[in-house]
Amino acid sequence: MPDWHPATVSDISPAADGLTDLVLDLQGTPLVGTHAHPGQYVRLRLPGQEEGIFAIASPPDARGTRWEFLLKAGSPLPDALIRLRPGARVDVTPPEGKGFPLERARGHDLLLFASGSGISAIRSVIASVRREREAYRRVTLFFGARTPSAFAYSDELHEWEAGGIRVVRTVSQPGASGWQGLTGYVQAHLGEEPLRDEVAFLCGPSEMVQGVKATLQARGVPKSAIHLNY
């Protein structure tokens with residue numbers, strides 16, 4: 001049985017079309033300091049709702065008392081969470097999953113792939129990498145969204161790039177938005193340069209993950225260098 005603890009909503013705000021930022025305050029709970037690896041996830045629940053699994057979008061912090069999440073609208077629990085206000089209670093479990101193995105990426109080029117709400121787990125990786133950016137070689141984020149207005153954390157992208165993270169954004173359904181950037185799937189924009197010693201972290205819908213894995217392996221990246229967070 002999961003080990004549940006009450007946390008308090010400290011902030012909730014729009015993140016992008018169909019996406020909402022949720023911040024939980026863990027003060028006074030045994031959860032403080034239990035987030036050990038970027039990419040880990042927890043279970044959340046509310047009275048009358050089935051529990052759900054959500055990746056922690058903030059980086060591990062031994063003394064951190066706040067966890068951030070990205071909620072995707074369109075199913076009962078996320079929709080109920082989105083309607084909460086600061087001060088509301090949410091039940092939370094300790095972090096689960098192996099997360100992403102940052103130690104395997106040290107000294108290598110790091111390729112990050114995220115689509116839609118999958119950027120939540122990758123955001124935790126980016127914050128962790130930036131804390132010791134010199135430990136990694138080139139770091140590139142391939143970030144996909146359905147429409148130009150569906151990119152979460154768009155206000156942070158310039159900070160990531162200033163911190164040595166190259167960001168490649170692509171839109172699968174630009175429509176009549178006037179989008180002038182890249183279109184198509186994230187794996188279509190790897191470029192032509194050889195891939196020799198890269199480590200890749202992936203998070204997103206199953207179809208996207210399978211497509212990226214197939215493309216990377218076809219380009220010579222071994223299966224052992226391609227990592228999911230679960």
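Everything below is about the structure shown above.
Okay, so let's go over this structure. (Residues numbered from 1 in each chain as written. Predicted model: local features only at pLDDT ≥ 70, side-chain atom pairs only at ≥ 80, totals over all residues. Heavy atoms only, no water.)

1. As for the sheet that holds strand β6 (residues 89–92)
This is how it is decided: One bridge is not enough; two strands pair if DSSP finds at least two bridges between them. Secondary structure is summarised from DSSP: a helix means a run of H or I of at least four residues, a strand means a run of E of at least two, and numbering begins at the N terminus for each. To obtain an axis, a line is fitted to C-alpha atoms, over the contacting stretch when the element is a helix, and the angle between two such axes runs from 0 to 180 degrees between their N-to-C directions.
In space, the 6 strands of this open sheet follow the order β4-β3-β6-β1-β2-β5, with antiparallel pairing throughout. Every interior strand has two partners, whereas the edge strands, β4 (52–55) and β5 (66–72), have only one. When the angles between neighbouring strand axes are averaged without regard to direction, this sheet yields 45°.

2. A closer look at the sheet that holds strand β12 (residues 226–227)
We apply this condition: Residue contacts follow a heavy-atom distance rule, with two residues in contact if any of their heavy atoms lie within 4.5 Å.
In spatial order, the strands read β10-β9-β8-β7-β11-β12; together these 6 strands make up an open sheet with parallel pairing. The open sheet has two edge strands, β10 (182–183) and β12, and neither has a second partner. In terms of strand pairing, strand β7 (residues 109–115) meets strand β8 (residues 139–145) through 6 bridges, oriented parallel. When the bridges of β8 are listed, L110 appears paired with V139. Helix α3 (residues 119–131) rests against β7, β8, β9 (165–171) and β11 (198–203) of the sheet, and its axis sits at about 150° to β7.

3. Examining the side chain of S120
By the secondary structure assignment, S120 is in helix α3. S120 has contacts with A55, I56, A57, L70 and Y153, leaving out every residue within four places of it along the chain.

4. Notes on the packing of aromatic side chains
Rules: The rule is short: rings of Phe, Tyr and Trp, with Trp giving its six-membered ring, pair when the centres are within 6.5 Å, and they are stacked under 30 degrees, edge-to-face over 60, tilted in between. Residue exposure (1.4 Å probe, protein chains only): buried if accessible area is under 20% of the type maximum, exposed if over 50%, otherwise partly exposed.
A full pass over the atoms with the stated rule returns 4 aromatic pairs. Ring centres 5.0 Å apart and planes at 10° place the aromatic pair F113 and F142 in the stacked group. Placement of the pair is F113 in strand β7 and F142 in strand β8, with a sequence separation of 29 residues. With a relative accessible area of 0%, F113 lands in the buried category. Ring pairing ties together the aromatic residues F143, F151 and W179, which thus form one cluster.

5. Considering helix α5 (residues 206–218)
The periodicity of an α-helix, 3.6 residues per turn, causes residues three or four places apart in sequence to face the same way. The following threshold applies: The length a helix should cover is 1.5 Å for every residue beyond the first.
Taking 1.5 Å of rise per residue, the 13 residues of α5 would be expected to cover 18 Å, and the 18 Å separating its terminal C-alpha atoms lies within 8% of that figure. By the burial criterion, the buried members of α5 are M208, V209, G211, V212, K213 and L216. If you follow the buried residues of α5, they end up packed against β7, β11 and β12. Directly after α5, the chain includes G220, whose backbone phi takes a positive value near 100°.

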